[in-house]
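A structural walkthrough
Here is what each chain is made of, one letter per residue.
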Amino acid sequence: MTDNGIRTYTHAAGGWDALGAVARAIKGQMNAVAGAKIMLRNNQPDGFDCPGCAWPDPKHTSAFEFCENGAKAVSWEATDKRATPEVFAAHTVTELLAWNDHDIENLGRLTHPMAYDAASDRYLAIGWDEAFARIAAGLNALPDPNMAEFYTSGRASNEAAFLYQLFVRAYGTNNFPDCSNMCHEATSVGLPKAIGIGKGTVSLEDFDHAELIISIGHNPGTNHPRMMTTLHAAARRGAPIVVLNPLRERALERFTAPQDPLEMATFGATAIASDYLQVKVGGDAAALKGVMKGVLALDAADLASGGAGTLDRAFIAEHTNGFDALVADLEATGWAQIESASGLSRAALENVARLYCQAKSTIVCFGMGVTQHRHGTENVQQIANLLLLRGNFGRPGAGICPLRGHSNVQGDRTVGIDEKAPQALREGLQRVFGFVPPVAKGHDAAEAIDAIFEGRAKALVCLGGNLAVAMPDPVRTFAAMRGLELAVHIATKPNRSHLLTARQSIVLPCLGRTELDLQAGGPQSVTVEDSMSMVHASTGRLPPPSEFVRSEPAIVAGIAQAVLGARHGIDWAGMVADYDRIRDAIEAVLPAFTGYNQRIRVPGGFRLPIGPAERVWHTASGKAEFLVMPGVLEDPAGADPSVLTLATLRSHDQYNTTIYGFDDRYRGIFGRRDVVFLNADDLAERGLAAGDRVDVVAASAEGAGTEAVLGQLTAVAYAIPKGSAAAYYPEANVLIPAAHRDPHSGTPSYKSVPVRLRRSAVQDIAAA
Ligand SMILES: Nc1nc2c(c(=O)[nH]1)N[C@H]1C(S)=C(S)[C@@H](COP(=O)(O)OP(=O)(O)OC[C@H]3O[C@@H](n4cnc5c(=O)[nH]c(N)nc54)[C@H](O)[C@@H]3O)O[C@H]1N2
Ligand SMILES: Nc1nc2c(c(=O)[nH]1)N[C@H]1C(S)=C(S)[C@@H](COP(=O)(O)OP(=O)(O)OC[C@H]3O[C@@H](n4cnc5c(=O)[nH]c(N)nc54)[C@H](O)[C@@H]3O)O[C@H]1N2
Ligand SMILES: [Mo]
């Protein structure tokens, strides 16, 4: 039998395999000695913030905190490879479009500003002034500033993001499509209504005090590997960890901490999950309602036997609204409904309720498995309900912990990347900069693509990212991009979005986090905000990839100066000369940043105020709100047994649309990504077997009339509930109609895609 790259991975996550993977990642991109030196500066008090994820740094880092995927992110950015004008001269854009995403980015770091030349179908180098002049001409030619879209991907620093929103608002629009619209928008929309803030409420120290950790819909072994240190420590001290995840993810089962010399030397491992509940894809709200029903039953039993009950009645009375309505709804929701929608037994859910009532303090962590659903907003609110029942806010070891995606996605929103243009922000900008910012709500990511597709928007500027590839329905999205008058990409590396050329396309090369940022006022640091609202400095030291590359703040300021000229009299050059001045401006606009420049000079930085951590609720009522979700919102296949619910997810060797390599080690996939994970019974019922070639066919109501197919995938029999399936992002985006999104947050339902399976016409590709 030939090896098809699909095996059973038997090791714990982490451990020696992870160390080996780091060595290979470095070797593929740069000199090993240089690589090791760079890794040691990663997430140190005077080093750079790891571009890998938004998990916070322990306060007293003494040694390098090991992280395999952080090492991949850093070596991918600090690579020796260069995408020079000569490289672009050697390949037409049409030719590059036929490459896979790995090969396009693996061309290396961009070295020069480039503009697309349609005659030769190539990107050609241009000067910075020429690039800025063309952008200014394009933006100033639009009859209405609302015809331009300004995207941000969450790696941009606070300084870059603040200048960007300042420029865009001075130009005249609130069109701020943002990567968070595809990510934690359900959190940003759902939580403020419940607890008055759209962010996490815990700090890293809270994990030392939690008596129970519930982990829902995130895969930290791959996507937040430094969190494994925290979970490992919690498991070691005996705190139960309940996991709700359709797939068995190895790092949540057992983990060998590379920092633990004994575990490494003895090939030992620590079990992470005490209870692993394989919820059906899209079944979390039902599961959470089941747990809450269990809590109410335990409370009633305790009261009946003379106890004080298991609810925190004093907290509920003093701090919340809506408790009675929640109870009424939970009573009306039957166990049969809950079991069918969640795929979990009443006994399993009642057991979680028991663990929850035994724990004095509980933290619930969650990721994309919760937010990327049509009911993402409701999902997030059920988590808040559960925590409120026992007063799990505003005391040590308790709270809610959304695992943010990009390393500074949270900071970008805090400093003003927000299509809703909050009043306080607008007033602050007017006070400090003397112009009246636009009031009307702008476009989020999905609305921006709609506007571009329909011709209502004609220019797109992207501060990082790979928007077209990250969004659903590439057929429609790619066509939309090609209809633009002007596309501008500020980027470290080339990607497919740059190749979907507009009438005029410009790519501007920027510095990454790891690199020395030298301005007129000397070397500069930037600042970022992590998942736990800690703001701290990041200082790169590596030499820039070429003398022509500029920092993101400098590029944004250059565009602003060219577009606005003397309009509004903002001193763009002055702010870029010394980023302290940008931070002074942020502080003047946003009071939460009082003392910004002093406070980031303290190692570890400072924490932004989090109301619920002090039991302060910035809701309309001034209290936390129990928010009722009627029924179980079964998502989305419903009654048709031929339809499966597909979740799209990340492999271990990728960063969003950046594909580092083709292994997904912990899931046993090697050298390929063209697979679909299925339950063995679902395969058998369709007369299929593991290893067969299958076509996955879209079955969303929103996509009616068009048949989207992801063909020729190899079926993997996997530990996943019946009725659920999984495949890799971004390839599977072809199966997701643009309209398949959460109506409240606009988040595409990347994790609940209705699909059907059929045997591929050609089974043996080699023979065909
Ligand atoms: N190395 C690396 N690090 C990253 C990233 C990366 O791509 N690579 N991306 C960054 C970004 S932007 C983000 S947003 C985060 C993403 O981090 P995660 O939130 O971990 O993202 P995913 O891999 O998309 O999916 C997470 C998990 O959700 C589970 N899941 C799928 N559907 C459901 C469901 O219906 N219910 C439940 N309970 N679980 C479900 C999947 O099995 C998977 O384990 O990571 C960040 N960090
Ligand atoms: N099907 C499906 N689709 C999804 C998801 C999913 O789970 N399933 N997840 C969604 C989520 S959570 C997110 S956050 C989005 C991600 O969407 P994006 O944030 O738009 O995508 P990335 O792949 O992170 O962007 C990669 C590119 O960013 C550029 N880049 C890297 N570092 C820097 C830098 O420091 N500065 C600048 N200017 N550019 C840089 C490089 O050119 C690189 O090619 O995708 C979403 N799409
Ligand atoms: Mo994300």
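About the thresholds
- Residues numbered from 1 in each chain as written.
- Chains lettered and ligands numbered in written order.
- Predicted model: local features only at pLDDT ≥ 70, side-chain atom pairs only at ≥ 80, totals over all residues.
- Heavy atoms only, no water.
- UniProt positions renumbered as here; feature names shortened; annotations may be inferred.
- Helix = DSSP H or I, 4+ residues; strand = E, 2+ residues; numbered from the N terminus.
- Rg over C-alpha atoms; globule rule 2.2 N^0.38 Å.
- Buried < 20%, exposed > 50% of the residue type's maximum accessible area, 1.4 Å probe, protein only.
- Arc of directions from axis to C-beta.
- Contact = heavy atoms within 4.5 Å.
- Domains from an automatic or database assignment.
- Buried area = accessible area lost by both parts, 1.4 Å probe.
- Salt bridge = Lys/Arg side-chain N within 4 Å of Asp/Glu carboxyl O.
- Polar contact = N/O pair within 3.5 Å; in protein donor to acceptor, adjacent residues only side chain to side chain.
- Near = heavy atom within 4 Å.
- Areas by Shrake-Rupley, 256 points an atom, 1.4 Å probe, with all protein chains shown as cover.
- Nonpolar A, V, L, I, M, F, W, Y, C, P; charged D, E, K, R; others polar.
- Pairing = 2+ DSSP bridges.
- Phe/Tyr/Trp six-rings, centres within 6.5 Å; stacked < 30°, edge-to-face > 60°.
- Lys NZ or Arg CZ within 6 Å of the ring centre and 35° of its normal.
- Expected span 1.5 Å × (residues − 1).
- Axes fitted to C-alpha atoms, helices over the stretch in contact; angles between N-to-C directions.

An unreviewed UniProt entry lists the chain under the name CbbBc protein, from Rhodoferax koreensis. Per its UniProt entry, the chain bears the Sequence similarities (unreviewed entry) comment "Belongs to the prokaryotic molybdopterin-containing oxidoreductase family."

A short note on the overall build of the chain
Looking only at helices and strands, the chain has 32 helices and 31 strands in total. Taking 27 Å as the expected radius of gyration for a compact globule of 768 residues, we find that the chain reaches 25 Å, a close match to that expectation. The principal-axis extents of the C-alpha atoms in the chain amount to approximately 75 × 70 × 55 Å. Expressed as a percentage of its 768 residues, the buried residues of the chain come to 65%.

Topic: helix H18 (residues 335-342)
For H18, the complete set of buried residues consists of Trp335, Ile338, Ala341 and Ser342. One face of H18 carries all of its buried residues, which in axial projection span an arc of 140°. Next to the buried residues of H18 lie helix H15 (284-304) and helix H19 (346-358). Glycine 343 sits one or two residues past H18 and shows a positive phi near 75°.

Digging into the domain arrangement of the chain
Domain annotation for the chain reports domain 1 (2-75), domain 2 (82-183 + 408-594), domain 3 (190-402) and domain 4 (637-759). Each of domain 1 and domain 4 was reduced to a C-alpha centroid, and the two centroids are 28 Å apart. In this complex, domain 1 contributes 16 residues to the contact, which on the side of domain 4 involves 14 residues. Of the roughly 1200 Å² buried at the junction of domain 1 and domain 4 (both faces included), carbon and sulfur atoms supply 52%. Counting the surface domain 1 buries against domain 4, the share from its top three residues, Ile6, Tyr9 and Lys72, is 41%. Counting across the domain 1 and domain 4 interface gives two salt bridges. Aspartate 653 is the salt-bridge partner of lysine 72, the closest N and O atoms lying 2.8 Å from each other. Viewed at the interface, domain 4 and domain 1 are joined by ten residue pairs in polar contact (both at pLDDT 80 or more).

A word on the site of ligand 1
Residues in contact with ligand 1 amount to 32 residues; listed here are only the nearest, Glu249, Gly282, Asp284, Arg650 and Asn656. The backbone of threonine 222 places a nitrogen or oxygen atom 3.1 Å from a nitrogen atom of ligand 1. At a separation of 2.5 Å, an oxygen atom of ligand 1 approaches a polar side-chain atom of glutamate 249. Relative to its unbound accessible area of 920 Å², ligand 1 is 99% covered by the protein chains. Residue classes in the shell around ligand 1 are distributed as eleven nonpolar, 17 polar and four charged.

Some words on the pairing of strand E6 (residues 148-152)
Burial within E6 is extensive, with five of its five residues counted as buried. Of the two faces of E6, the one holding Ala148, Phe150 and Thr152 and the one holding Glu149 and Tyr151 are both buried throughout. With five bridges connecting them, E6 and strand E15 (residues 459-463) associate as parallel partners. Within the sheet, the bridge partner assigned to alanine 148 lies in E15 and is alanine 459.

Quick look at the packing of aromatic side chains
Tallied over the entire structure, the rule returns 19 aromatic pairs. Consider the rings of tryptophan 55 and phenylalanine 207, whose centres lie 5.6 Å apart with planes at 65°: the pair is edge-to-face. Of the two residues, tryptophan 55 is situated in the loop between helix H2 (32-41) and helix H3 (68-77) and phenylalanine 207 in helix H10 (residues 206-209); the sequence distance between them amounts to 152 residues. Classification of tryptophan 55 by relative accessible area gives buried; the value is 2%. Relative to phenylalanine 167, the ring of phenylalanine 150 lies with its centre 5.8 Å away and its plane at 90°, an arrangement referred to as edge-to-face. Here the residue phenylalanine 150 occupies a position in strand E6, and phenylalanine 167 occupies one in helix H8 (residues 158-171), the gap between them amounting to 17 residues. Owing to a relative accessible area of 1%, phenylalanine 167 belongs among the buried residues under this scheme. Linked through ring pairs, Phe150, Tyr164, Phe167 and Tyr171 together constitute an aromatic cluster. If you follow arginine 155 out to its NZ or CZ, it ends over the ring of tyrosine 655, 5.0 Å from the centre.

Some details on H15
The end-to-end C-alpha distance of H15 is 30 Å, a good match for the 30 Å that 21 residues give at a rise of 1.5 Å each. Following H15 by one or two positions, glycine 306 has its phi on the positive side, about 90°.

So, the sheet that holds strand E28 (residues 693-698)
Taken in spatial order, the six strands line up as E24-E30-E27-E29-E28-E31 and close into a barrel, and their pairing is mixed. Put simply, the sheet's adjacent strands are angled 45° from each other on average, direction ignored. Both strand E27 (residues 675-678) and strand E30 (residues 724-728) contribute to a ladder of three bridges, which runs antiparallel. Residue phenylalanine 677 lies in a different strand from E30, and its bridge partner there is alanine 726.

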